Amino acid sequence: MAAPRTTTWDIEPHTRAKHEILKRYLQAWTAILASGGFREVLYIDGFAGPGRYSGGEDGSPVIALRAALGQHARAGTETRFRFLFIEKNQERAQVLEEIIEDLNVPENFDVDVLGGETFEVAFRELFDLYKTGGSRHPTFLFIDPFGWIGAPFSIVREVMGYRSCEVLVTFMYEEINRFIGHPDQEKNFDTLFGTGEWREGIDLSDAGNRRQFFHDLYLRKLCDEAGAEYVRSFEMRNKKGMVDY
Ligand SMILES: C[S@@+](CC[C@H](N)C(=O)[O-])C[C@H]1O[C@@H](n2cnc3c(N)ncnc32)[C@H](O)[C@@H]1O
């Protein structure tokens, strides 16, 4: 699917599935952390979108907020929930801000929308500020780009280097596969993978082997370089049955 140009867009079935996974995971994450005695937790959505699809469905930032709000309503919590939503497109960020205002979040929620900034720049400016007394709070980072640009592996590695921090990445295989041999994109793929080893996969002609190669490369980097202890991946197929991410 080509990246939409409008402020909001129609939700796709595989997006619904992605949201269901995110919702269920965050319902557990917020419950565990809120009852785990953590003073503060940080949720970063690096490619936040407008928070709503054109049919009124919630986008990922709102799904995350609702998971934490549900936990708050059920059990109450002293834990400070900090949300950082980064969205490069100003109009989309504006829509998201309006939705968040209407949600009336409780006093122990801090929600910031960074509109007009890229994930990479905003993350590098801000991540170090979200510390107390030098210690890092449990962090969940969601990386959900339209393609392969602007999601550097170096950031994944940095976040995974801390205790109780985790990352969910939408690895946009369909787009990656289409553009991986493009001469203008070499630098972007070096950044995405954090290595030049992806070049070894370009000439694999069997579609399954090729997909497995890029999957395994990213997974290996997560385990060997980012120090990830637990890694789980799953395929999301689009309406045509092709692996989208
Ligand atoms: C796939 S959509 C996000 C969808 C959203 N996470 C959800 O599930 O509801 C990607 C979003 O990232 C924004 N974007 C594109 N490049 C970006 C960048 N480098 N940094 C931050 N946001 C970016 C786009 O404007 C778009 O709204």
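Up top is the structure.
The following refers to the structure shown.

Glancing now at the overall build of the protein. The helix and strand inventory of the protein stands at eight helices and seven strands. Relative to the globule expectation of 18 Å for 245 residues, the C-alpha radius of gyration of the protein, 18 Å, shows essentially globular dimensions. Scored against the burial criterion, the 245 residues of the protein give a buried share of 45%. In the protein, the proportion of contacts linking residues at least 24 apart, taken out of those at least 6 apart, comes to 73%. Element-wise, carbon and sulfur atoms account for 48% of the exposed surface of the protein, whose accessible area totals about 12600 Å². Computed over 29 positive and 39 negative side-chain charges, the separation of the two mean positions in the protein equals 3 Å.

Our next topic: the packing of aromatic side chains. For any pair of aromatic rings, the description rests on two quantities: the centre-to-centre distance and the angle between the ring planes. Here the structure, examined in full by the defined rule, presents 26 aromatic pairs. Between the aromatic rings of phenylalanine 81 and phenylalanine 109, the centroid separation amounts to 5.2 Å while the plane-to-plane angle is 45 degrees, which identifies the pairing as tilted. One end of the pair, phenylalanine 81, is in strand β2 (residues 80-87); the other, phenylalanine 109, is in strand β3 (residues 109-115), with 28 residues separating them in the sequence. Each member of the pair, phenylalanine 81 as well as phenylalanine 109, is classed as buried. Look at phenylalanine 171 and tyrosine 218: their rings are 5.0 Å apart centre to centre, the planes differ by 50 degrees, and that puts the pair in the tilted class. In this pair, phenylalanine 171 sits in the loop between β7 (165-169) and α6 (173-179) while tyrosine 218 sits in helix α8 (residues 207-224), placing the two residues 47 residues apart along the sequence.

Here is what the cut-offs are and how they apply
- Residues numbered from 1 in each chain as written.
- Predicted model: local features only at pLDDT ≥ 70, side-chain atom pairs only at ≥ 80, totals over all residues.
- Heavy atoms only, no water.
- Helix = DSSP H or I, 4+ residues; strand = E, 2+ residues; numbered from the N terminus.
- Rg over C-alpha atoms; globule rule 2.2 N^0.38 Å.
- Buried < 20%, exposed > 50% of the residue type's maximum accessible area, 1.4 Å probe, protein only.
- Contact = heavy atoms within 4.5 Å.
- Areas by Shrake-Rupley, 256 points an atom, 1.4 Å probe, with all protein chains shown as cover.
- Lys, Arg positive; Asp, Glu negative; His and termini not counted.
- Charge placed at Lys NZ, Arg CZ, Asp CG, Glu CD.
- Phe/Tyr/Trp six-rings, centres within 6.5 Å; stacked < 30°, edge-to-face > 60°.

By themselves, these figures tell us nothing about what the structure is for.
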